[in-house]
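As a plain string of letters, each chain reads:
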Amino acid sequence: MKLRPLFDKVVLEPVEANEKTQGGILLPGTAQEKQQIGVIVAVGNGGVVDGKDVVMQVEVGQKVLYAKYSGSEFKYEGKDYVIIRQSDILAIME
């Protein structure tokens, strides 16, 4: 990827929400809840952030759960992405 985040930032590609419920009901776009799950596509180098040494604990390709109102959404080369701090990642999904 040509996008390289700085310090403790992580770039995620959001995972699309399901358009159907488990019972088979189709949900319109307005009724779908935005998921906070994404796949990591780029990771910063870490370093000293706010006076503390930050070591990156995530890797490209991992699927993660991140905080609901964290980060900034943007489009790059026609795709949607979210850039967040590593500390906004709640869990790695295995």
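Structure first, text after, so check above.
Okay, so let's go over this structure. (Residues numbered from 1 in each chain as written. Predicted model: local features only at pLDDT ≥ 70, side-chain atom pairs only at ≥ 80, totals over all residues. Heavy atoms only, no water.)

1. Focus on the nonpolar core
Moving on, step 1. With 12 residues, the main nonpolar core is built from Val-10, Leu-12, Ile-40, Val-49, Val-54, Met-56, Val-58, Val-64, Tyr-66, Val-82, Ile-84 and Ile-89.
Moving on, step 2. When contributions to this core are tallied by element, the ones reaching two or more residues are β1 (9–14), β5 (63–66) and β7 (79–85).
Moving on, step 3. Discounting chain neighbours no more than four positions away, the residues touching Val-64 are Leu-12, Gln-36, Ile-37, Gly-38, Ile-40, Ile-89, Ala-91, Ile-92 and Met-93. (Core = buried A, V, L, I, M, F, W, Y, C linked by side-chain atoms within 4.5 Å. Buried < 20%, exposed > 50% of the residue type's maximum accessible area, 1.4 Å probe, protein only. Helix = DSSP H or I, 4+ residues; strand = E, 2+ residues; numbered from the N terminus. Contact = heavy atoms within 4.5 Å.)

2. Brief notes about the pairing of strand β2 (residues 37–43)
Moving on, step 1. Two elements, β1 and β2, share five bridges in a ladder whose sense is antiparallel. Looking across to β2, one finds that Leu-12 is bridged to Ile-40.
Moving on, step 2. Pairing of β2 with β5 involves three bridges; the strand directions are antiparallel. Bridged to Val-39 within β5 is Lys-63. (Pairing = 2+ DSSP bridges.)

3. Topic: the pattern of salt bridges
Moving on, step 1. For the coordinates displayed, the defined rule picks out five salt bridges.
Moving on, step 2. The partner of Glu-77 in a salt bridge is Lys-2, with the nearest N and O atoms 3.9 Å apart. Taken as a pair, Glu-77 in the loop between β6 (72–76) and β7 and Lys-2 in the segment before β1 lie far apart in primary sequence, 75 residues in all. The pair Glu-77 / Lys-2 is uniform in exposure class, with both members exposed.
Moving on, step 3. Arg-85 serves as the salt-bridge partner of Asp-50, at 3.7 Å between the closest nitrogen and oxygen. Residue Asp-50 is found in the loop between β3 (47–49) and β4 (52–54), and its partner Arg-85 is found in strand β7; the two are separated by 35 residues along the sequence. (Salt bridge = Lys/Arg side-chain N within 4 Å of Asp/Glu carboxyl O.)

4. Things to note about a nonpolar patch on the surface
Moving on, step 1. Taken together, the side chains of Leu-65, Leu-90 and Met-93 make up a nonpolar region of the molecular surface, amounting to roughly 260 Å² of accessible area.
Moving on, step 2. By secondary structure assignment, the location of Leu-65 is in strand β5. (Patch = residues over 30% accessible without salt bridge, like charges linked within 9 Å, V, L, I, M, F, W, Y side chains within 5 Å. Areas by Shrake-Rupley, 256 points an atom, 1.4 Å probe, with all protein chains shown as cover.)

5. Describing the pairing of β6
Moving on, step 1. Across five bridges, β6 lies against β7 in antiparallel orientation. By the bridge assignment, Glu-73 is partnered in β7 with Val-82.

6. Concerning the side chain of Gln-86
Moving on, step 1. Structurally, Gln-86 is set in the loop between β7 and β8 (89–93).
Moving on, step 2. Taking relative accessible area as the criterion, Gln-86 reaches 13% and is therefore assigned buried.
Moving on, step 3. Within the structure, the side chain of Gln-86 is placed 3.2 Å from the backbone oxygen of Val-55, a separation counted as a polar contact. (Polar contact = N/O pair within 3.5 Å; in protein donor to acceptor, adjacent residues only side chain to side chain.)

The values reported here are purely geometric and, on their own, carry no functional implication.
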